[in-house]
Amino acid sequence: MEYFLGIDVGTTGCKVVLVNEKGELISKAVAEYPLYTPYPNWAEQDPADWWQGTVQAVKEALQMAEIDPLLVQGVGLTGQMHGSVFLDEKGEVLRPAILWCDQRTARECEEITQIVGEEKLMSINCNPVLPGFTAPKILWLKNNEPHLYEKVAKVLLPKDYIRFLLTGDFATDVSDASGTSLFDVPRRKWSEELMSLLEFPPSWFPPSFESPEVTGYLKKEVAEMWGMGDKVLVVAGGGDNAAGAIGTGIVKPGLVSASLGTSGVVFAFSDEVKVDKKGRVHTFCHAVPGKWHVMGVMLSAGGSLRWFRDRLGMEEKNLASLLEKDSYDILTAEAEKALPGAEGLIFLPYLTGERTPHADPYARGVFFGLTLKHRKNEMVRAVMEGVTFGMRDSFEIMREMNIPIQEVRAIGGGARSALWRKIQASIYEVPLWGVKIDEGPAFGAALLGAVGRGVFSSVEEASEKAVKVTEQVLPSPELVDYYNKAYRLYRDLYPALRDFYPRLQEL
(Lines give C-alpha, C1' and ligand atoms only; values in the text may rest on other atoms or scores of the structure.)
Protein backbone atom coordinates (compact mmCIF):
# COMPACT_ATOMS: atom_id res chain seq x y z
CA MET A 1 0.00 0.00 0.00
CA GLU A 2 1.31 3.45 -0.93
CA TYR A 3 0.58 6.60 1.07
CA PHE A 4 0.51 10.31 0.32
CA LEU A 5 0.81 13.40 2.48
CA GLY A 6 -1.15 16.61 1.99
CA ILE A 7 0.39 19.68 3.65
CA ASP A 8 -1.76 22.79 4.09
CA VAL A 9 0.13 25.91 5.21
CA GLY A 10 -2.91 27.69 6.61
CA THR A 11 -3.41 31.00 8.36
CA THR A 12 -4.00 29.59 11.84
CA GLY A 13 -1.82 26.51 11.55
CA CYS A 14 -0.36 23.77 9.38
CA LYS A 15 -2.70 20.85 8.72
CA VAL A 16 -1.32 17.57 7.44
CA VAL A 17 -3.33 14.56 6.26
CA LEU A 18 -2.19 11.11 5.24
CA VAL A 19 -4.20 9.15 2.66
CA ASN A 20 -3.68 5.76 1.10
CA GLU A 21 -3.64 4.90 -2.60
CA LYS A 22 -7.44 4.54 -2.57
CA GLY A 23 -7.85 8.12 -1.40
CA GLU A 24 -8.95 7.05 2.08
CA LEU A 25 -8.08 9.31 5.00
CA ILE A 26 -5.70 7.54 7.40
CA SER A 27 -4.66 10.27 9.82
CA LYS A 28 -4.45 14.01 10.29
CA ALA A 29 -2.61 16.47 12.51
CA VAL A 30 -2.55 20.21 13.09
CA ALA A 31 0.19 22.45 14.47
CA GLU A 32 -0.91 26.01 15.25
CA TYR A 33 1.23 29.13 14.99
CA PRO A 34 0.72 32.84 15.70
CA LEU A 35 -0.48 35.66 13.46
CA TYR A 36 0.97 39.10 14.09
CA THR A 37 -0.87 42.42 13.69
CA PRO A 38 1.72 45.08 14.57
CA TYR A 39 -0.53 47.85 13.19
CA PRO A 40 -4.22 48.15 12.28
CA ASN A 41 -4.97 46.37 8.97
CA TRP A 42 -1.63 44.54 9.02
CA ALA A 43 -1.36 40.76 9.10
CA GLU A 44 2.01 38.99 9.11
CA GLN A 45 3.55 35.63 9.96
CA ASP A 46 7.06 34.31 10.41
CA PRO A 47 7.78 31.71 7.69
CA ALA A 48 9.94 29.87 10.23
CA ASP A 49 6.73 29.16 12.16
CA TRP A 50 5.24 27.53 9.05
CA TRP A 51 8.25 25.24 8.76
CA GLN A 52 8.19 24.27 12.44
CA GLY A 53 4.46 23.60 12.13
CA THR A 54 5.03 21.46 9.03
CA VAL A 55 7.74 19.39 10.69
CA GLN A 56 5.61 18.84 13.78
CA ALA A 57 2.33 18.06 11.96
CA VAL A 58 3.92 15.59 9.53
CA LYS A 59 5.61 13.80 12.42
CA GLU A 60 2.33 13.57 14.36
CA ALA A 61 0.32 12.39 11.33
CA LEU A 62 2.82 9.60 10.68
CA GLN A 63 2.86 8.55 14.33
CA MET A 64 -0.95 8.46 14.50
CA ALA A 65 -1.15 6.37 11.33
CA GLU A 66 1.31 3.78 12.67
CA ILE A 67 2.60 2.98 9.20
CA ASP A 68 6.12 2.54 7.93
CA PRO A 69 7.12 6.03 6.66
CA LEU A 70 9.02 4.31 3.84
CA LEU A 71 5.61 3.63 2.27
CA VAL A 72 4.98 7.36 1.76
CA GLN A 73 5.53 8.01 -1.94
CA GLY A 74 4.37 11.57 -2.53
CA VAL A 75 3.57 14.97 -1.05
CA GLY A 76 1.06 17.57 -2.22
CA LEU A 77 1.29 21.17 -1.07
CA THR A 78 -1.37 23.80 -0.53
CA GLY A 79 -1.83 26.84 1.64
CA GLN A 80 -3.06 30.36 2.12
CA MET A 81 -2.86 32.32 -1.12
CA HIS A 82 -1.35 35.73 -1.98
CA GLY A 83 1.13 35.92 0.91
CA SER A 84 4.58 37.22 0.04
CA VAL A 85 7.82 35.66 1.26
CA PHE A 86 10.83 37.75 0.31
CA LEU A 87 14.15 35.91 0.05
CA ASP A 88 17.65 37.24 -0.52
CA GLU A 89 20.21 35.62 -2.81
CA LYS A 90 21.17 33.16 -0.06
CA GLY A 91 17.56 32.00 0.33
CA GLU A 92 17.18 33.75 3.68
CA VAL A 93 13.88 35.39 4.65
CA LEU A 94 14.16 39.19 4.61
CA ARG A 95 11.09 40.10 6.69
CA PRO A 96 7.86 38.59 8.04
CA ALA A 97 5.50 37.40 5.30
CA ILE A 98 2.65 39.77 4.46
CA LEU A 99 -0.59 37.78 4.34
CA TRP A 100 -3.72 37.58 2.20
CA CYS A 101 -5.83 39.41 4.80
CA ASP A 102 -3.39 42.31 5.14
CA GLN A 103 -4.96 45.57 3.97
CA ARG A 104 -2.04 48.01 4.03
CA THR A 105 -1.61 48.24 0.24
CA ALA A 106 -4.62 50.30 -0.89
CA ARG A 107 -2.35 53.01 -2.35
CA GLU A 108 -0.16 50.47 -4.11
CA CYS A 109 -3.25 48.95 -5.74
CA GLU A 110 -4.17 52.36 -7.11
CA GLU A 111 -0.59 52.86 -8.31
CA ILE A 112 -0.49 49.50 -10.12
CA THR A 113 -3.87 50.14 -11.74
CA GLN A 114 -2.64 53.53 -12.99
CA ILE A 115 0.61 52.07 -14.34
CA VAL A 116 -0.92 49.06 -16.09
CA GLY A 117 -4.45 50.26 -16.82
CA GLU A 118 -7.61 48.63 -15.55
CA GLU A 119 -8.57 47.17 -18.92
CA LYS A 120 -5.15 45.58 -19.50
CA LEU A 121 -5.14 44.12 -15.98
CA MET A 122 -8.52 42.50 -16.58
CA SER A 123 -7.51 41.14 -19.97
CA ILE A 124 -4.30 39.54 -18.66
CA ASN A 125 -4.99 38.65 -15.03
CA CYS A 126 -8.82 38.52 -15.26
CA ASN A 127 -9.02 40.34 -11.92
CA PRO A 128 -8.58 43.85 -10.56
CA VAL A 129 -5.56 44.25 -8.31
CA LEU A 130 -6.65 44.04 -4.66
CA PRO A 131 -4.89 44.77 -1.35
CA GLY A 132 -4.69 41.10 -0.45
CA PHE A 133 -2.88 40.12 -3.67
CA THR A 134 0.88 39.70 -4.01
CA ALA A 135 1.97 42.38 -6.50
CA PRO A 136 0.90 45.35 -4.32
CA LYS A 137 2.83 43.82 -1.41
CA ILE A 138 5.98 43.84 -3.53
CA LEU A 139 5.38 47.45 -4.47
CA TRP A 140 4.71 48.31 -0.82
CA LEU A 141 8.11 46.88 0.07
CA LYS A 142 9.69 49.06 -2.62
CA ASN A 143 7.87 52.17 -1.37
CA ASN A 144 8.29 51.63 2.35
CA GLU A 145 11.28 49.35 2.98
CA PRO A 146 13.61 50.06 0.04
CA HIS A 147 16.64 48.76 1.97
CA LEU A 148 15.02 45.32 1.94
CA TYR A 149 13.61 45.63 -1.58
CA GLU A 150 17.16 46.04 -2.88
CA LYS A 151 18.07 42.63 -1.41
CA VAL A 152 15.15 40.66 -2.92
CA ALA A 153 16.17 37.70 -5.08
CA LYS A 154 12.98 35.58 -4.90
CA VAL A 155 9.32 36.16 -4.08
CA LEU A 156 7.48 33.02 -3.00
CA LEU A 157 3.95 32.18 -1.95
CA PRO A 158 3.58 30.50 1.48
CA LYS A 159 3.32 26.87 0.34
CA ASP A 160 6.15 27.41 -2.13
CA TYR A 161 8.48 28.54 0.64
CA ILE A 162 7.78 25.22 2.36
CA ARG A 163 8.45 23.49 -0.98
CA PHE A 164 11.83 25.23 -1.10
CA LEU A 165 12.72 23.90 2.36
CA LEU A 166 11.43 20.42 1.50
CA THR A 167 13.12 20.03 -1.87
CA GLY A 168 15.52 22.91 -2.45
CA ASP A 169 13.56 23.77 -5.61
CA PHE A 170 11.76 26.95 -6.57
CA ALA A 171 8.34 26.25 -8.11
CA THR A 172 4.69 27.20 -7.91
CA ASP A 173 1.42 26.12 -9.51
CA VAL A 174 -0.95 27.93 -11.84
CA SER A 175 -3.84 28.25 -9.36
CA ASP A 176 -1.76 29.91 -6.63
CA ALA A 177 0.11 32.09 -9.13
CA SER A 178 -3.24 33.33 -10.48
CA GLY A 179 -3.69 35.36 -7.28
CA THR A 180 -0.49 37.38 -7.58
CA SER A 181 -1.78 40.00 -10.10
CA LEU A 182 1.26 39.02 -12.20
CA PHE A 183 -0.12 35.95 -13.97
CA ASP A 184 -1.67 35.53 -17.42
CA VAL A 185 -4.72 33.54 -16.32
CA PRO A 186 -6.18 32.68 -19.78
CA ARG A 187 -2.76 31.47 -21.01
CA ARG A 188 -1.80 29.86 -17.67
CA LYS A 189 1.67 31.40 -17.46
CA TRP A 190 3.52 34.31 -15.85
CA SER A 191 2.95 37.65 -17.56
CA GLU A 192 6.28 39.18 -18.51
CA GLU A 193 4.35 42.23 -19.71
CA LEU A 194 2.95 42.94 -16.23
CA MET A 195 6.34 42.31 -14.63
CA SER A 196 7.98 44.68 -17.10
CA LEU A 197 5.46 47.46 -16.53
CA LEU A 198 5.93 47.18 -12.75
CA GLU A 199 9.71 46.72 -13.06
CA PHE A 200 9.73 43.40 -11.22
CA PRO A 201 12.50 41.07 -12.50
CA PRO A 202 11.04 37.80 -13.90
CA SER A 203 13.85 35.93 -12.12
CA TRP A 204 12.15 36.70 -8.79
CA PHE A 205 9.28 34.36 -9.60
CA PRO A 206 9.51 30.54 -9.69
CA PRO A 207 8.51 28.41 -12.69
CA SER A 208 4.79 27.55 -12.73
CA PHE A 209 3.37 24.06 -13.19
CA GLU A 210 -0.03 22.39 -13.45
CA SER A 211 -1.10 21.17 -10.02
CA PRO A 212 -0.41 17.40 -10.32
CA GLU A 213 2.98 17.86 -12.00
CA VAL A 214 6.07 16.75 -10.08
CA THR A 215 8.33 19.70 -9.16
CA GLY A 216 10.98 17.85 -7.14
CA TYR A 217 11.77 15.29 -4.44
CA LEU A 218 12.32 15.53 -0.71
CA LYS A 219 15.86 16.43 0.24
CA LYS A 220 17.79 13.57 1.84
CA GLU A 221 17.96 15.23 5.25
CA VAL A 222 14.22 16.00 5.24
CA ALA A 223 13.26 12.47 4.21
CA GLU A 224 15.53 11.00 6.88
CA MET A 225 14.05 13.29 9.54
CA TRP A 226 10.64 11.68 8.94
CA GLY A 227 11.98 8.19 8.21
CA MET A 228 11.02 8.30 4.53
CA GLY A 229 12.78 7.03 1.44
CA ASP A 230 14.94 8.96 -1.02
CA LYS A 231 12.39 9.18 -3.86
CA VAL A 232 9.40 10.92 -2.28
CA LEU A 233 7.97 13.15 -5.00
CA VAL A 234 6.50 16.60 -4.40
CA VAL A 235 3.87 17.90 -6.81
CA ALA A 236 3.06 21.51 -7.61
CA GLY A 237 -0.14 21.43 -5.52
CA GLY A 238 -2.53 24.34 -5.46
CA GLY A 239 -3.78 27.40 -3.68
CA ASP A 240 -5.96 26.49 -0.72
CA ASN A 241 -9.23 27.08 -2.53
CA ALA A 242 -8.30 25.17 -5.68
CA ALA A 243 -6.88 22.27 -3.68
CA GLY A 244 -9.91 22.38 -1.43
CA ALA A 245 -12.11 22.04 -4.51
CA ILE A 246 -10.29 18.82 -5.40
CA GLY A 247 -10.90 17.61 -1.86
CA THR A 248 -14.62 18.34 -2.10
CA GLY A 249 -15.24 17.16 -5.66
CA ILE A 250 -15.71 20.50 -7.45
CA VAL A 251 -14.27 19.17 -10.69
CA LYS A 252 -17.14 19.50 -13.17
CA PRO A 253 -19.76 22.09 -14.22
CA GLY A 254 -22.72 22.71 -11.91
CA LEU A 255 -20.82 21.97 -8.71
CA VAL A 256 -20.10 24.79 -6.27
CA SER A 257 -18.56 24.77 -2.81
CA ALA A 258 -19.33 27.18 0.03
CA SER A 259 -16.51 27.26 2.54
CA LEU A 260 -16.87 28.92 5.92
CA GLY A 261 -13.36 29.00 7.33
CA THR A 262 -11.51 32.07 8.57
CA SER A 263 -12.47 33.56 5.22
CA GLY A 264 -15.60 32.68 3.29
CA VAL A 265 -15.27 31.30 -0.22
CA VAL A 266 -17.81 30.45 -2.90
CA PHE A 267 -16.02 28.37 -5.54
CA ALA A 268 -17.49 27.36 -8.92
CA PHE A 269 -15.92 25.12 -11.56
CA SER A 270 -15.63 26.46 -15.11
CA ASP A 271 -14.64 24.74 -18.36
CA GLU A 272 -13.63 28.09 -19.82
CA VAL A 273 -12.43 31.53 -18.78
CA LYS A 274 -15.43 33.48 -17.47
CA VAL A 275 -14.83 36.96 -16.12
CA ASP A 276 -17.05 39.37 -14.21
CA LYS A 277 -16.40 42.67 -15.98
CA LYS A 278 -16.98 44.54 -12.72
CA GLY A 279 -14.25 42.51 -11.03
CA ARG A 280 -16.44 41.51 -8.08
CA VAL A 281 -15.46 37.83 -8.17
CA HIS A 282 -12.12 36.26 -9.09
CA THR A 283 -11.30 34.13 -12.11
CA PHE A 284 -8.29 31.88 -11.50
CA CYS A 285 -6.76 28.75 -12.98
CA HIS A 286 -8.11 25.58 -11.37
CA ALA A 287 -6.01 22.76 -9.94
CA VAL A 288 -7.65 20.64 -12.66
CA PRO A 289 -5.27 21.01 -15.62
CA GLY A 290 -6.71 23.15 -18.40
CA LYS A 291 -9.70 24.32 -16.34
CA TRP A 292 -10.59 27.47 -14.42
CA HIS A 293 -12.72 28.52 -11.51
CA VAL A 294 -14.73 31.54 -10.45
CA MET A 295 -14.49 32.47 -6.81
CA GLY A 296 -15.99 34.99 -4.43
CA VAL A 297 -14.06 35.70 -1.24
CA MET A 298 -15.15 37.25 2.04
CA LEU A 299 -12.30 38.22 4.34
CA SER A 300 -14.05 37.60 7.68
CA ALA A 301 -16.54 34.73 7.57
CA GLY A 302 -15.82 32.15 10.25
CA GLY A 303 -13.32 34.76 11.39
CA SER A 304 -16.26 36.95 12.41
CA LEU A 305 -17.63 34.24 14.71
CA ARG A 306 -14.13 33.63 16.07
CA TRP A 307 -13.81 37.35 16.81
CA PHE A 308 -17.13 37.28 18.66
CA ARG A 309 -16.09 34.23 20.67
CA ASP A 310 -12.69 35.64 21.58
CA ARG A 311 -13.91 39.12 22.49
CA LEU A 312 -17.43 38.59 23.81
CA GLY A 313 -17.66 34.86 24.46
CA MET A 314 -15.28 34.28 27.35
CA GLU A 315 -18.13 32.86 29.41
CA GLU A 316 -18.78 30.25 26.73
CA LYS A 317 -15.07 29.51 26.35
CA ASN A 318 -14.73 28.90 30.10
CA LEU A 319 -17.86 26.73 30.14
CA ALA A 320 -16.58 24.74 27.18
CA SER A 321 -13.34 24.08 29.03
CA LEU A 322 -15.21 22.81 32.10
CA LEU A 323 -17.56 20.61 30.07
CA GLU A 324 -14.83 19.52 27.62
CA LYS A 325 -16.92 20.80 24.74
CA ASP A 326 -16.26 23.02 21.73
CA SER A 327 -16.97 26.66 22.55
CA TYR A 328 -18.46 27.13 19.08
CA ASP A 329 -20.99 24.39 19.81
CA ILE A 330 -22.11 26.27 22.91
CA LEU A 331 -22.37 29.57 21.03
CA THR A 332 -24.34 28.10 18.13
CA ALA A 333 -26.65 26.28 20.55
CA GLU A 334 -27.44 29.68 22.04
CA ALA A 335 -27.99 31.11 18.57
CA GLU A 336 -30.48 28.35 17.80
CA LYS A 337 -32.71 29.70 20.59
CA ALA A 338 -32.91 33.05 18.77
CA LEU A 339 -35.56 33.59 16.10
CA PRO A 340 -34.53 33.87 12.44
CA GLY A 341 -33.57 37.47 11.83
CA ALA A 342 -32.24 37.87 15.36
CA GLU A 343 -35.02 40.25 16.38
CA GLY A 344 -34.22 42.67 13.58
CA LEU A 345 -30.45 42.67 14.07
CA ILE A 346 -28.20 42.65 10.97
CA PHE A 347 -24.44 42.15 11.01
CA LEU A 348 -22.09 43.45 8.31
CA PRO A 349 -19.03 41.14 8.45
CA TYR A 350 -16.40 43.61 7.21
CA LEU A 351 -14.03 43.30 10.18
CA THR A 352 -10.90 43.43 8.00
CA GLY A 353 -12.28 45.23 4.96
CA GLU A 354 -13.85 43.21 2.16
CA ARG A 355 -13.14 41.67 -1.24
CA THR A 356 -16.39 40.28 -2.68
CA PRO A 357 -18.43 42.07 -3.82
CA HIS A 358 -17.02 45.26 -2.29
CA ALA A 359 -13.28 45.60 -2.91
CA ASP A 360 -12.96 48.00 0.00
CA PRO A 361 -10.06 47.87 2.49
CA TYR A 362 -11.73 50.62 4.55
CA ALA A 363 -15.02 48.77 5.15
CA ARG A 364 -15.70 47.88 8.79
CA GLY A 365 -18.06 45.59 10.69
CA VAL A 366 -21.45 46.83 11.86
CA PHE A 367 -24.26 45.61 14.10
CA PHE A 368 -27.29 47.39 12.64
CA GLY A 369 -30.50 47.55 14.65
CA LEU A 370 -29.23 46.98 18.21
CA THR A 371 -31.81 47.58 20.93
CA LEU A 372 -32.03 47.07 24.68
CA LYS A 373 -33.89 43.83 23.97
CA HIS A 374 -31.02 42.13 22.17
CA ARG A 375 -29.11 39.41 23.96
CA LYS A 376 -25.91 37.60 23.17
CA ASN A 377 -27.69 34.70 21.43
CA GLU A 378 -29.29 37.08 18.92
CA MET A 379 -25.94 38.70 18.26
CA VAL A 380 -24.41 35.29 17.53
CA ARG A 381 -27.26 34.44 15.17
CA ALA A 382 -26.90 37.84 13.48
CA VAL A 383 -23.22 37.10 12.88
CA MET A 384 -24.04 33.72 11.32
CA GLU A 385 -26.77 35.20 9.12
CA GLY A 386 -24.74 38.27 8.14
CA VAL A 387 -21.81 36.14 7.04
CA THR A 388 -24.16 33.97 4.98
CA PHE A 389 -25.72 37.04 3.35
CA GLY A 390 -22.18 38.03 2.39
CA MET A 391 -21.66 34.60 0.84
CA ARG A 392 -24.93 34.96 -1.09
CA ASP A 393 -23.49 38.06 -2.75
CA SER A 394 -21.11 35.75 -4.62
CA PHE A 395 -23.90 33.38 -5.65
CA GLU A 396 -25.89 36.30 -7.09
CA ILE A 397 -22.92 37.47 -9.17
CA MET A 398 -22.29 33.96 -10.49
CA ARG A 399 -25.92 33.68 -11.52
CA GLU A 400 -25.51 36.95 -13.44
CA MET A 401 -22.51 35.33 -15.20
CA ASN A 402 -24.66 32.30 -16.18
CA ILE A 403 -22.53 29.92 -14.17
CA PRO A 404 -24.62 26.80 -13.45
CA ILE A 405 -25.31 26.16 -9.76
CA GLN A 406 -26.91 22.75 -9.41
CA GLU A 407 -25.40 21.50 -6.17
CA VAL A 408 -23.61 23.27 -3.32
CA ARG A 409 -21.23 21.44 -1.01
CA ALA A 410 -20.71 22.99 2.42
CA ILE A 411 -17.21 22.80 3.89
CA GLY A 412 -15.10 24.53 6.51
CA GLY A 413 -15.68 24.96 10.23
CA GLY A 414 -19.06 26.59 9.65
CA ALA A 415 -20.32 23.48 7.87
CA ARG A 416 -20.04 21.50 11.11
CA SER A 417 -22.92 23.47 12.62
CA ALA A 418 -26.36 22.05 11.77
CA LEU A 419 -27.86 25.49 12.36
CA TRP A 420 -25.43 27.21 10.04
CA ARG A 421 -26.05 24.60 7.31
CA LYS A 422 -29.79 25.24 7.63
CA ILE A 423 -29.25 28.99 7.41
CA GLN A 424 -27.01 28.58 4.36
CA ALA A 425 -29.45 26.38 2.42
CA SER A 426 -32.29 28.85 2.95
CA ILE A 427 -30.27 31.98 2.18
CA TYR A 428 -28.62 30.48 -0.93
CA GLU A 429 -31.93 28.88 -2.00
CA VAL A 430 -30.23 25.67 -3.16
CA PRO A 431 -29.84 22.17 -1.72
CA LEU A 432 -26.75 21.94 0.47
CA TRP A 433 -24.65 18.77 0.80
CA GLY A 434 -21.96 17.87 3.28
CA VAL A 435 -18.85 15.88 2.42
CA LYS A 436 -17.63 12.83 4.31
CA ILE A 437 -14.03 14.01 4.59
CA ASP A 438 -14.00 17.71 5.38
CA GLU A 439 -10.26 18.21 5.33
CA GLY A 440 -10.55 20.36 2.19
CA PRO A 441 -7.22 21.74 0.96
CA ALA A 442 -4.93 19.22 2.71
CA PHE A 443 -7.01 16.30 1.44
CA GLY A 444 -7.05 17.73 -2.07
CA ALA A 445 -3.28 18.26 -1.96
CA ALA A 446 -2.74 14.63 -0.96
CA LEU A 447 -4.90 13.49 -3.89
CA LEU A 448 -2.81 15.65 -6.23
CA GLY A 449 0.25 13.85 -4.91
CA ALA A 450 -1.38 10.52 -5.77
CA VAL A 451 -2.14 11.76 -9.29
CA GLY A 452 1.48 12.84 -9.66
CA ARG A 453 2.57 9.35 -8.70
CA GLY A 454 0.22 7.84 -11.32
CA VAL A 455 -2.12 6.13 -8.84
CA PHE A 456 -5.02 7.95 -10.52
CA SER A 457 -5.13 8.75 -14.22
CA SER A 458 -6.41 12.30 -13.68
CA VAL A 459 -7.35 14.83 -11.04
CA GLU A 460 -11.00 14.29 -11.93
CA GLU A 461 -10.74 10.55 -11.33
CA ALA A 462 -8.99 11.02 -7.99
CA SER A 463 -11.58 13.51 -6.78
CA GLU A 464 -14.63 11.59 -7.95
CA LYS A 465 -13.41 8.31 -6.44
CA ALA A 466 -12.25 9.72 -3.11
CA VAL A 467 -14.90 12.35 -2.32
CA LYS A 468 -18.19 11.15 -0.83
CA VAL A 469 -21.15 13.41 -0.07
CA THR A 470 -23.21 13.00 3.09
CA GLU A 471 -26.49 14.48 4.29
CA GLN A 472 -28.52 16.95 2.25
CA VAL A 473 -30.14 20.07 3.72
CA LEU A 474 -33.01 21.57 1.73
CA PRO A 475 -34.06 25.25 1.84
CA SER A 476 -36.92 25.94 4.24
CA PRO A 477 -39.75 27.72 2.33
CA GLU A 478 -40.73 29.95 5.26
CA LEU A 479 -37.11 30.90 5.92
CA VAL A 480 -36.47 31.60 2.23
CA ASP A 481 -39.22 34.23 2.16
CA TYR A 482 -37.97 35.95 5.30
CA TYR A 483 -34.30 35.83 4.35
CA ASN A 484 -34.98 37.28 0.90
CA LYS A 485 -36.45 40.37 2.56
CA ALA A 486 -33.62 40.59 5.09
CA TYR A 487 -31.01 40.14 2.34
CA ARG A 488 -32.36 43.11 0.41
CA LEU A 489 -31.90 45.28 3.51
CA TYR A 490 -28.43 43.81 4.07
CA ARG A 491 -27.41 44.73 0.52
CA ASP A 492 -28.62 48.31 0.95
CA LEU A 493 -26.56 48.95 4.09
CA TYR A 494 -23.07 48.93 2.59
CA PRO A 495 -23.80 51.58 -0.11
CA ALA A 496 -25.37 53.75 2.57
CA LEU A 497 -22.23 53.55 4.73
CA ARG A 498 -19.51 53.36 2.07
CA ASP A 499 -18.54 57.04 2.09
CA PHE A 500 -18.22 57.07 5.87
CA TYR A 501 -15.59 54.33 6.09
CA PRO A 502 -12.65 56.43 4.77
CA ARG A 503 -13.62 59.19 7.20
CA LEU A 504 -13.49 56.66 10.02
CA GLN A 505 -10.03 55.61 8.85
CA GLU A 506 -8.84 59.21 9.16
CA LEU A 507 -9.79 59.19 12.83
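Source: prediction; values computed, not measured.

Running from N to C, helix 15 (residues 418-428) and helix 18 (residues 477-497) point in directions that differ by 70°, and their axes come no closer than 8 Å. Of the possible angle classes, the one that applies to helix 15 and helix 18 is roughly perpendicular. Where helix 15 crosses over helix 18, the two elements pack in a sense that is right-handed. In contact with Lys422, Ile423, Ser426 and Ile427 of helix 15, helix 18 contributes Leu479, Val480 and Tyr483. Its residues assigned to classes, the contact of helix 15 with helix 18 comprises five nonpolar, one polar and one charged.

Before going further, it helps to examine the pattern of salt bridges. Side chains bearing opposite charge may pair, as long as their charged atoms lie close to each other. Under the counting rule described, the total for this entry stands at 29 salt bridges. For Arg280, the salt bridge goes to Glu400, with nearest N and O atoms at 2.8 Å. In this pair, Arg280 is assigned in the loop between strand 17 (264-270) and strand 18 (282-285) and Glu400 in helix 14 (residues 376-400), connecting sequence segments 120 residues apart. Judged by relative accessible area, which is 48%, Glu400 ranks as partly exposed.

Counted under the stated rule, the structure contains 18 aromatic pairs. An angle of 70° between the planes, with centres 4.7 Å apart, marks the rings of Tyr39 and Trp42 as edge-to-face. With centroids separated by 5.4 Å and ring planes inclined at 90°, the aromatic side chains of Trp42 and Trp140 adopt a geometry described as edge-to-face. Of this pair, Trp42 sits in the loop between strand 3 (25-32) and strand 4 (44-45) while Trp140 sits in helix 4 (residues 134-144), and the two are 98 residues apart along the sequence. Trp140 sits in the buried class, given a relative accessible area of 7%. Aromatic rings pair up to connect Phe389, Tyr482, Tyr483, Tyr487 and Tyr490 into one cluster. Between Lys154 and the ring centre of Phe170, over which it is positioned, the NZ or CZ distance is 4.9 Å. The ring of Tyr217 is capped by Lys231, whose NZ or CZ atom sits 5.0 Å from the centre of that ring.

For the rest of this paragraph, the subject is the packing of helix 2 (residues 106-116) against helix 3 (residues 118-125). Close contact between helix 2 and helix 3 brings their axes to 6 Å; oriented N to C, the two are set at 90°. One finds that helix 2 runs roughly perpendicular with respect to helix 3. In contact with Ile112, Thr113 and Val116 of helix 2, helix 3 contributes Glu118, Lys120 and Leu121. When its residues are assigned to classes, the contact of helix 2 with helix 3 shows three nonpolar, one polar and two charged.

On to the pairing of strand 5 (residues 72-79), then. Strand 5 sits mainly inside the fold: eight of its eight residues count as buried. Pairing geometry for strand 1 (residues 3-9) and strand 5, over seven bridges, is parallel. Paired with Phe4 across the bridge in strand 5 is Gly74. In terms of strand pairing, strand 5 meets strand 14 (residues 233-235) through two bridges, oriented parallel. Bridged to Val75 within strand 14 is Val234. Here two bridges tie strand 5 to strand 15 (residues 238-239), and the two strands are oriented parallel to one another. Note on strand 15: the bridge partner recorded for Thr78 is Gly238.

Basis of the calculations
- Residues numbered from 1 in each chain as written.
- Predicted model: local features only at pLDDT ≥ 70, side-chain atom pairs only at ≥ 80, totals over all residues.
- Heavy atoms only, no water.
- Axes fitted to C-alpha atoms, helices over the stretch in contact; angles between N-to-C directions.
- Helix = DSSP H or I, 4+ residues; strand = E, 2+ residues; numbered from the N terminus.
- Parallel < 35°, antiparallel > 145°, perpendicular 65-115°, else oblique.
- Left-handed = near helix turned anticlockwise from the far one by under 90°.
- Contact = heavy atoms within 4.5 Å.
- Nonpolar A, V, L, I, M, F, W, Y, C, P; charged D, E, K, R; others polar.
- Salt bridge = Lys/Arg side-chain N within 4 Å of Asp/Glu carboxyl O.
- Buried < 20%, exposed > 50% of the residue type's maximum accessible area, 1.4 Å probe, protein only.
- Phe/Tyr/Trp six-rings, centres within 6.5 Å; stacked < 30°, edge-to-face > 60°.
- Lys NZ or Arg CZ within 6 Å of the ring centre and 35° of its normal.
- Pairing = 2+ DSSP bridges.

Distances and angles like these do not, on their own, reveal function.
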